[in-house]
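# Commentary on secondary and tertiary structure
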Amino acid sequence: MTSRRQRWPLVIVLSGALLTTLMATDVQSPVRIVLALWFLLVCTGMAFVPLLSIERPLTELGLGVIASIAVDSVVTTAILLVGDLSPATGLLALEALCLLGCTAQIAAAPMLAVLKARLTPPKRHPSGLVVAAPRSDGSVAHATALSVRPASAGPRERRFAVGRRMAFGGVLAVSAAFAMTPDLDISSPRHDEYQGVRSRAQATGQPLDVERYLSQRAEDTPNAQRYDRGGRADRTSAASGGGAGARARHTARTPRPRGAIAPGDGKWHEKGLRPTHDAAAAEQQVPLPQRGGPDRPSTPEPSLSTPGPSPATPRPAPADKPGDRDGDGVPNSQDNCPNKPGTNNGCPIKTP
Amino acid sequence: MPVALAAAVALWVVSLGAIDPAAMTDLGLISVLPASFFAALLVLTMSFAALVHRRPRRSLLLAAHLLALIAFLHATPTIVYGTLRYSWAWKHVGIVDYIQRHGSVATDIHALDVYHNWPGFFALDSLLTDLAGLDDTLALATWAPVFFNVLTLGAVLFVFCALTRDRRAIWLGGWLYLITCWVGQDYFSPQAFAFFLYLIVIGIVLKWLPRLTRSKTAEQQRPKQWARLSEWSSQDAMRAAMVALAVLLLAAIAASHALTAVMVTVALTVLVLFDICAVRSLPVVALALTVVWDFVFAINYVESRAATLSEKIRLPWVTTESSLTDIAQLSHGQVLVASVARALVVAVAVLALAGALRQWRSRGLNRPAVVLALAPLLLFLSGDYDGELLFRIYLFAVPFLAFLAGHALLASKARGRSWRAAIVSAAVGSVLLAAFLVAYYGKEHQYYFTPAEVSAARYVYTHGSSGALLIEGTHNYPAQFKNYERLDYVTIAQEPPASQRRVLAHPVTVLANWMSDPARSGAFVIITRSQKIEVSELGVLPPGSLDRIERALRASPRFAAVFHNRDATVFALARTPRRPT
């Protein structure tokens, strides 16, 4: 992990140094042309884009090229307007920016891992405090850990502790500033949609049935759309607990991407996190609360890739009588099978 | 399919040796393309059509087909000519040359001042040229069409990925974009650079900053990657980073190309108004950047053009009529080229309409694509852009027209008619590609410059001292690519009609009078092969007028041919004391 974090800074610094050397010695070579293109089209952007911790390498590289072109263009134009655009000034300015980005990559990466974990709100569950850690594929690994705290014993963590805290505060301040901007809507789209579902449920006076809603969404999605080419399961099933089958498919087909934070895989230390008890035992899917129960998960947000029910979609009718979970008319206190509807003392009649 | 791709590449490589650009007629490059070139394109088209409908998940192979198409269409002139094509590309090289020498721009310069007022692209290219250790940017500019088409294709696919999850629609749209974008704005130019940035901004907005739509069809069409990235975008920091990147791109556009800055503002405004873009402040930021740049950094240019701007804003049909070339002036070949180009625009529009109707009937109309395809029409409010507005409107609309057109060729998944769809796509693609070859290559006869012409132009720009006068027959030659600010320019084809008549009637007297101004440090007349071709094919001067002028100057004792080769002649006054030798 450490090597991956230092990969781009190393490449960028070496590229800049080599290009500076070739320029200083005035070497005319096709290598210099390729190196100049590489530095201007890739390096300047990749000094910053890895800070976003995008897992897909192609997306990261594409954003790096885009950011490179934008940064190069703005910087060279600014120098030009000052009136002193030369190879030396242009290269020095871009190299300074690259160094800034590379330093941030090396210094801020552990902080970002902590930030990612902290941005996912913990959820209260009957079994105790549930900590949600985002996996790199977008799903959320739930751990019934008692607490998760940043590791602080390692020498690297101690070294970057001050910078980490400052950067953490800075990112939070920037995020808060954006969030407070009235016309800059940076709230989670998934959260928006979830709020819409909740408001519709409140309007119709029906309880918010998150599990059924998410299961229905998962069922409405064609299989061909639920799986991409690599056989990676849609998060709808996994993140929302869309049935055991969906979880099984997710487990079987979803390879853990590089850089994923999950307890038990030994990467918590590298991300600056450390569970306080056996991590392997902690990794488990949190059982979703019973329908209508008091402890609904706070963030089982529906996936955006699946259709949501329209307001006209008929919702399941609530139980006829209070205290009758399966709705078969037999109160729970007298129901031999309170979770299965049936007429045989509340149990379904078995057929031979 | 890989075998077909390899066969197509082999055919193309074989065809390159059989192309003689000097033998082109007024139909352009298509007149000298061998049968193997067309065979290569046909094989590639059929292979792609079969692949995109039968194996849409083979992304690498599909991408290889699109890259091969770019190579066939845009690397062919670069390889065959050996010189930079298109006169305006040479002028842009001249701006880079200026920045390399001065390290700054002069916004009130007497020639090509627009580029000094929007210098973003040139500044970046100047730095690239210097870092690469090149004397000038000609080598880079020669390959610019290939480079920009690859970049733009990536941006187009990026936008399409944000519009749909249907891989067939994404790849087919990319293919259709390449074979319908015939307006030729992919050369070494700020508009090609800014167009790429424009598409990226639109892609970022659609992919990472969208307003949620709750219709079922729109949700179904949203791509898988979007959902995966939206997991990230749910974090404020990620979305803020995307907003910051978009603002950076908007700044780069504002500093690079005036019309694209207007267009991106229009597009973002429309996306917000139609509730597609979540960041409502983004169009305001784009407008602010554009206004600040125009009225602070480019104020010299804006002030000088402000008086005539209101006169250029006319009704759309008036602008359209005035922007279209008068076919009566064109040669027979150019009439065919213009007609085919217009037919191609109509065909793309009809296909896009059919695709949109098909989406609408299946309750899956892609609203962002429709909005972005129609938004460029608002550019009619910005004037006629020196007669190029129609081209630019088509340029900004064609990615989304191609995307919608692709849906007209898709097979219904339920019916499993992919083979029929593949055959239809191959047929339609072949027809569109044939039209593209005529429209895109149709002016190559004028755009191709021989090495002899380049030598003549290099002589003028090397020997012309500061304050010298250069008289050109037309602008169509390797112009202004070196030390361009030293000279003053007079183009006979752009003179007022009365002045043109005087020159044509008495070339020796009139031109000698122009050139004998004692305040000037020197004066030249340059007449080249490509200037004569433009006169004969576009009718910018009476037919044969440049030949007559050349003969008259050659016969006159008042003029001396200071540089002469097969394709170009440079004249100077015989008695000019400071005549270069």
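Residues numbered from 1 in each chain as written. Chains lettered and ligands numbered in written order. Predicted model: local features only at pLDDT ≥ 70, side-chain atom pairs only at ≥ 80, totals over all residues.

Turning our attention to the overall build of chain B. Scanning chain B for helices and strands turns up 27 helices and 5 strands. The C-alpha atoms of chain B give a radius of gyration of 25 Å, which matches the 25 Å a tight globule of 581 residues would have. Judged by the C-alpha coordinates and their principal axes, chain B covers about 80 × 55 × 50 Å. Counting over 581 residues, chain B shows a buried share of 56%. (Helix = DSSP H or I, 4+ residues; strand = E, 2+ residues; numbered from the N terminus. Rg over C-alpha atoms; globule rule 2.2 N^0.38 Å. Buried ≥ 20, exposed ≤ 12 C-beta atoms within 10 Å, placed from the backbone.)

Attention shifts here to the confidence of the model for chain A. Residues and elements named next belong to chain A. When the pLDDT values of chain A are averaged, the result is 57; 35% of them are 70 or greater. Across chain A, helix α2 (residues 30-46) holds the top mean pLDDT of 93, while helix α10 (residues 235-240) sits lowest at 33. The low-confidence segment residues 168-198, where pLDDT is below 50, has 49 contacts with residues more than four positions distant or belonging to other chains. Segment residues 207-322 is flagged for pLDDT under 50; beyond a separation of four residues in sequence, or across chains, it makes 216 contacts in the model. (pLDDT = per-residue confidence, 0-100. Contact = placed C-beta atoms within 7 Å.)

Looking now at helix α3 (residues 59-81) of chain B. The terminal C-alpha atoms of α3(B), which comprises 23 residues, lie 33 Å apart, in line with the 33 Å expected from a rise of 1.5 Å per residue. The positive-phi residue at the C-terminal boundary of α3(B) is B:G82, with phi of around 80 degrees. (Expected span 1.5 Å × (residues − 1).)

Turning our eyes to something else, we now look at the nonpolar core. Counting residues in hydrophobic clusters, the biggest one holds 239 residues, and the most contacted among them are B:V201, B:V205 and B:F524. Setting aside residues up to four positions removed in sequence, B:V201 forms contacts with B:A246, B:L249, B:L250 and B:V264. (Core = buried A, V, L, I, M, F, W, Y, C linked by C-beta atoms within 7 Å.)

The residue A:D26 is not glycine, and still its phi comes out positive at about 55 degrees. Relative to the elements of secondary structure, A:D26 occurs in the loop between α1 (2-24) and α2. Its identity as a non-glycine residue notwithstanding, B:Q480 has a phi of 60 degrees, on the positive side. With respect to the helices, strands and loops of the structure, B:Q480 is situated in the loop between β1 (469-472) and β2 (488-491).

Let us now look at the confidence of the model for chain B. Residues and elements named next belong to chain B. Per-chain confidence: chain B averages 88 in pLDDT, with 94% of residues scoring 70 or above. Within the model, pLDDT remains below 50 along residues 214-220, and this stretch shows 12 contacts once partners closer than five positions in the same chain are excluded. The model gives residues 225-230 a pLDDT under 50, and that stretch makes 15 contacts with residues more than four places away or in other chains. Interface confidence for the predicted complex, given as ipTM, is 0.87, next to a pTM of 0.73.

Residue and element names in this part refer to chain B. Judged by pairing direction, the sheet is mixed, and its 5 strands sit side by side in the order β2-β1-β3-β5-β4 without closing on themselves. Lying at the two open borders of the sheet, with one neighbouring strand each, are β2 and β4 (559-564). For this sheet, the mean angle separating the axes of adjacent strands, direction not counted, is 25 degrees. Judged from the 4 bridges that link them, β1 and β2 form a sheet pairing that is parallel. Within β2, the residue paired with L469 across the bridge is D488. Sheet strands in contact with helix α25 (residues 507-515) are β1, β2, β3 (523-528) and β5 (568-573), and its direction is about 155 degrees off that of β1. Against the sheet, helix α26 (residues 529-538) engages β1, β3 and β5, with an angle of about 65 degrees to β3. (Pairing = 2+ DSSP bridges. Axes fitted to C-alpha atoms, helices over the stretch in contact; angles between N-to-C directions.)

Here we come to the packing of helix α2 (residues 35-54) of chain B against helix α21 (residues 418-441) of chain B. All names here are of chain B. Across the interface, α2 lies against α21 with an axial gap of 8 Å and an inter-helix angle of 145 degrees. For the element pair α2 and α21, the recorded crossing hand is right-handed. On the side of α2, the interface is formed by L41, L42, T45, M46, A49, A50, H53 and R54, while α21 contributes S418, A421, A422, S425, A426, G429, S430 and L433. (Left-handed = near helix turned anticlockwise from the far one by under 90°.)

Turning next to the environment of A:A24. The topology assignment puts A:A24 in helix α1. On a C-alpha basis, the gap between A:A24 and A:A88 in space is 9.2 Å, while along the polypeptide they are 64 residues apart.

Here we take up the environment of B:E537. All names here are of chain B. Looking at the secondary structure, you find E537 in helix α26. Residues E537 and T25, 512 residues apart in the sequence, show an inter-C-alpha distance of 9.9 Å. Ignoring anything within four residues of it in the chain, the contact list for E537 reads D26, L330, S331, Q334, H445 and Q446.

Now for helix α23 (residues 451-463) of chain B. Residues and elements named next belong to chain B. For α23, which comprises 13 residues, the first-to-last C-alpha distance of 18 Å matches the rise-based estimate of 18 Å (1.5 Å per residue) to within 8%. Within the sequence span of α23, burial applies to E453, V454, A456, A457, V460 and Y461. Along the axis of α23, the buried positions cluster into a sector of 160 degrees, meaning they face one direction only. The secondary structure elements touched by the buried residues of α23 are β1, β3, α26, β4 and β5. (Arc of directions from axis to C-beta.)

Attention shifts here to the environment of B:L209. Residues and elements named next belong to chain B. If you trace the backbone, L209 turns up in the loop between α10 (190-208) and α11 (216-221). Of the residues examined, L209 has 22 C-beta atoms within 10 Å and is grouped as buried. L209 sits 359 residues away from A568 along the chain, and the two C-alpha atoms are 55 Å apart. For L209, the residues in contact, after removing those within four places along its chain, are I204, R239, M242, V243, C277, A278 and V279.

Our next topic: the packing of α3(B) against helix α8 (residues 144-163) of chain B. All names here are of chain B. The interhelical angle for the contact between α3 and α8, taken along N-to-C directions, is 155 degrees, at an axis separation of 9 Å. Taken together, α3 and α8 sit at an angle that is classed as roughly antiparallel. Judged by the twist between their axes, the crossing of α3 over α8 is right-handed. The residues of α8 that touch α3, namely those facing L66, L67, I70, H74, A75 and T78, are P145, V146, N149, V150 and L153. (Parallel < 35°, antiparallel > 145°, perpendicular 65-115°, else oblique.)

The next point concerns the pairing of β4(B). Residue and element names in this part refer to chain B. One ladder, built from 5 bridges, connects β4 with β5; its direction is antiparallel. Across the sheet, A561 pairs through a bridge with F571, a residue of β5. Between the antiparallel neighbours β4 and β5 lie 3 residues.

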